There are 2 protein chains.
Amino acid sequence: MSAATETPKPNLLELLWRAAPETGRGPRKGLTVDEVVAAAIGLADAEGLDAVTMRRLAQSLGKATMTLYTYVPGKTELVALMIDSLFTAMTMTPVEGRPWREGLAAVARDNYALYRAHPWAAAASPGRPPLGPGQCAKYEHELRALEGLGLGDVAMDDALAYLLAFVRTAAQDAAQSEAEREATAMTDHEWWQANGPLLAKVLDTERFPVAVRVGQAAGEAHDAAYDAEHAFAFGLERTLDGLAAIIPG
Amino acid sequence: MSAATETPKPNLLELLWRAAPETGRGPRKGLTVDEVVAAAIGLADAEGLDAVTMRRLAQSLGKATMTLYTYVPGKTELVALMIDSLFTAMTMTPVEGRPWREGLAAVARDNYALYRAHPWAAAASPGRPPLGPGQCAKYEHELRALEGLGLGDVAMDDALAYLLAFVRTAAQDAAQSEAEREATAMTDHEWWQANGPLLAKVLDTERFPVAVRVGQAAGEAHDAAYDAEHAFAFGLERTLDGLAAIIPG
DNA sequence: TCGTACGTTGTACAATATACAACGTACGAA
DNA sequence: TTCGTACGTTGTATATTGTACAACGTACGA
């Protein structure tokens, strides 16, 4: 075999950009990468990322398990493709020409909505996603909310990464507390009845005066369901205030 | 059997506070919960949380796999115990009486150091950890950095949660980028040589003018190793500026 | 027309958490 | 002192997981 002929295992970047060289030999492909990714997203949305096993995914597509490996080198790459696909399809509220604070708030809310709609993505997406088409379009769009404010290029990137990290974490925490609440087959009353005595014994105000006082106040203020949304609203204002400190004018 | 006799499966809270009722019947226990947790932490520190399997952990303790289930109801609870143990042992820089900004910066740095030393904990610890002894002591200590500043109790809790979420995410992103760099058996030069042509084709400045410009500047400014620490330093200042907006005076 | 590149698939394997039952230890009551 | 039993320990077993491998058949290019 010549060196030019050997098929290099498809790179993640090539896959993201759908730049795999087609050879035309052998049987026709029965699926496309997009179909596989779309089915995987549907499964993850419906039952969580844990439900996306190669077996179940293949079954939902009417193919054998190992067939998937024709389209995707492995599960890691599949998840990367799923996330980039989300980015490609996400709603991006127009931000250009608006006051910077409004624009960044819109960016944050779009991201929050995305991760709340697809909680598995918040947990799986890394701080710096690979440069797929979705990520690039998203990055371009979001940077424009920071363009023309007098920030240097590096500061623009820093600021955006900072904002996005906050949103992703907020959405992740929200999803997690929601999941815990659903998983616990216990009402708040039952939980307190079960754990109250121990906590009362152990949380004495001698050792933890501030913690007990503040914890009680916080617990009463937010009912658990509202907690996450409150944290997002609070954090968003703080984050924008923090960025204001480096934005001239 | 009478209802009073049945042994209720040990609660996570009881376990955290080591409040399991001792009966004294049957053979002596060959281990303690603390030994199990300490061994698990050692394993996680050395080889990551994935290496902490019930088999390997039991083996490192010289016991059979299922023996662990005498000490811990399951792996979920084990991880919670590991994290609370970390909290108990973490260094807590004194903060009382110092200017609030210094105190909060110290809190942030202590947390960052903890999660950088135990990267698995950053990934595994939830936004609101269970009320174990470690978490309670930590919460008490950290709240004191916010005490007496004119904030209401609820705002104190909000502010602390906001700061800690930032730190945890920053440490997590740092660990992840570090892990990726080590896992990739490729120098930056090799990577660019492999992926450069595709990226050059696909990242045209027509579609992504701002992204290409800013991305290039950011890429050149931070070499990957320094990137994470820079993001933490940048984000910490922004976070403190953001909190300054709600701290009177 | 035919060789071969490649899509498809069944089987196989190593690894996971943990359910279950057998076994033996040592305490508490007699 | 004796004996029943609560409980610590352990081996085996099961349902899952991702994916390596080899057999098989299809359809393009020479």
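On a predicted model such as this, the values are computed, not experimentally measured, just so you know. (Residues numbered from 1 in each chain as written. Chains lettered and ligands numbered in written order. Predicted model: local features only at pLDDT ≥ 70, side-chain atom pairs only at ≥ 80, totals over all residues. Heavy atoms only, no water.)

Caption draft 1: How the structure looks around the relation of the copies chain A and chain B. Its rotation angle being 180°, the transformation that places chain A on chain B also includes 0.0 Å of axial translation and leaves an RMSD of 0.1 Å. Given the turn and translation reported, the copies of this chain are related as if by a two-fold rotation axis. Within chain A, the C-alpha atom positioned nearest to the axis of rotation is that of Gly242(A), 1.9 Å from it. Interface overlap between copies: 100% of the residues of chain A at the interface are likewise at the interface in chain B, consistent with a symmetric, same-surface contact. (Least-squares fit on C-alpha atoms with pLDDT ≥ 70 in both. Contact = heavy atoms within 4.5 Å.)

Caption draft 2: Representation of the domain arrangement of chain A in the model. Residue and element names in this part refer to chain A. Here the domain parsing of chain A yields domain 1 (12-86) and domain 2 (96-188 + 199-244). Using only C-alpha atoms to locate each centre, domain 1 and domain 2 end up separated by 30 Å. If you look at the interface, domain 1 gives 14 residues, while domain 2 gives 14 residues. Interface area for domain 1 against domain 2, summed over the two sides, is near 1100 Å², with a carbon-plus-sulfur share of 77%. (Domains from an automatic or database assignment. Buried area = accessible area lost by both parts, 1.4 Å probe.)

Caption draft 3: The arrangement of the interface of chain A and chain B in detail. Between chain A and chain B, the contact holds 58 residues from the first and 58 residues from the second. Between chain A and chain B, the buried area comes to about 4800 Å², and carbon and sulfur atoms account for 67% of it. Taken as a group, Trp17(A), Tyr162(A) and Arg238(A) account for 12% of the area that chain A buries against chain B, more than any other trio of residues on that side. The partner of Arg213(A) in a salt bridge is Glu147(B), and the shortest N-O contact between them spans 2.9 Å. Applying the counting rule to chain A against chain B returns 22 residue pairs in polar contact (both at pLDDT 80 or more). Those elements giving two or more residues to the side of chain A that touches chain B turn out to be α1 (12-16), α8 (133-144), α9 (153-183), α10 (188-202), α11 (209-221) and α12 (224-244) of chain A. The biggest single contributor to the side of chain A that touches chain B is α9(A), with 13 residues. (Salt bridge = Lys/Arg side-chain N within 4 Å of Asp/Glu carboxyl O. Polar contact = N/O pair within 3.5 Å; in protein donor to acceptor, adjacent residues only side chain to side chain. Helix = DSSP H or I, 4+ residues; strand = E, 2+ residues; numbered from the N terminus.)

Caption draft 4: Structural context of the protein's contact with DNA strand D. The immediate surroundings of DNA strand D are formed by 28 residues, with Gly24(A), Arg28(A), Thr53(A), Lys75(A) and Thr67(B) found nearest. When atoms of DNA strand D within 4 Å of the protein are sorted by moiety, sugar and phosphate together comprise 61%. Here a base oxygen of DNA strand D and a side-chain polar atom of Arg25(A) are 3.5 Å apart. Going through the elements one at a time, α3 (54-60) of chain A together with α4 (68-71) of chain B are the ones with two or more residues in the surface near DNA strand D. In the surface near DNA strand D, the residues fall into 9 nonpolar, 11 polar and 8 charged. (Near = heavy atom within 4 Å. Nonpolar A, V, L, I, M, F, W, Y, C, P; charged D, E, K, R; others polar.)

Caption draft 5: Region of interest: the protein's contact with DNA strand C. Close contacts around DNA strand C come from 28 residues, with Met66(A), Thr67(A), Gly24(B), Arg28(B) and Thr53(B) the closest. Within 4 Å of the protein, the atoms of DNA strand C are drawn from sugar and phosphate moieties in a proportion of 63%. Tyr71(A) is positioned with one of its side-chain polar atoms (N or O) 3.1 Å from a phosphate oxygen of DNA strand C. One of the side-chain nitrogen or oxygen atoms of Arg55(B) is found 3.0 Å away from a base nitrogen of DNA strand C. Only α4 (68-71) of chain A together with α3 (54-60) of chain B provide two or more residues apiece to the surface near DNA strand C. Broken down by class, the residue content of the surface near DNA strand C amounts to 9 nonpolar, 11 polar and 8 charged.

Caption draft 6: Local environment of the packing of α9(A) against helix α9 (residues 153-183) of chain B. Interaxial distance between α9(A) and α9(B) falls to 10 Å at its minimum, and their mutual angle equals 105°. Here α9(B) runs roughly perpendicular to α9(A), going by the angle between their axes. Residues Tyr162(A), Ala165(A), Phe166(A), Arg168(A), Thr169(A) and Asp173(A) of α9(A) lie in contact with α9(B), whose contacting residues are Tyr162(B), Ala165(B), Phe166(B), Arg168(B), Thr169(B) and Asp173(B). Among the residues making up the contact of α9(A) with α9(B), the classes are represented as 6 nonpolar, 2 polar and 4 charged. (Axes fitted to C-alpha atoms, helices over the stretch in contact; angles between N-to-C directions. Parallel < 35°, antiparallel > 145°, perpendicular 65-115°, else oblique.)

Caption draft 7: Structural context of the environment of Lys29(B). All names here are of chain B. With respect to the helices and strands, the residue Lys-29 is situated in the loop between α1 (12-16) and α2 (33-47). What makes Lys-29 exposed here is its relative accessible area of 55%. Lys-29 has contacts with Thr-70 and Tyr-71, leaving out every residue within four places of it along the chain. (Buried < 20%, exposed > 50% of the residue type's maximum accessible area, 1.4 Å probe, protein only.)

Caption draft 8: Summary view of unusual backbone geometry. A positive phi angle, near 55°, is found at Arg18(A), a position not held by glycine. Classification of Arg18(A) as partly exposed rests on a relative accessible area of 36%.

Caption draft 9: How the structure looks around the side chain of Thr169(B). Secondary-structure assignment places Thr169(B) in helix α9. For Thr169(B), a relative accessible area of 6% translates into the label buried. Separated by 2.5 Å, the side chains of Thr169(B) and Thr169(A) make a polar contact.

Caption draft 10: Focus on the pattern of salt bridges. A full pass over the atoms with the stated rule returns 30 salt bridges over all chains. Two residues, Arg18(A) and Asp34(A), come together in a salt bridge whose shortest N-O distance is 3.0 Å. Residue Arg18(A) is found in the loop between α1 and α2 (33-47), and its partner Asp34(A) is found in helix α2; the two are separated by 16 residues along the sequence. Taking the relative accessible area as the measure of exposure, Asp34(A) reaches 46% and is therefore partly exposed. The salt bridge partner of Arg144(B) is Glu96(B), with a shortest N-O separation of 3.8 Å. Of this pair, Arg144(B) sits in helix α8 (residues 133-144) while Glu96(B) sits in the loop between α5 (75-89) and α6 (100-117), and the two are 48 residues apart along the sequence. Classification of Glu96(B) by relative accessible area gives exposed; the value is 56%. A single network of salt bridges, built from pairs that share partners, joins Arg101(A), Glu237(A), Arg238(A) and Asp241(A).

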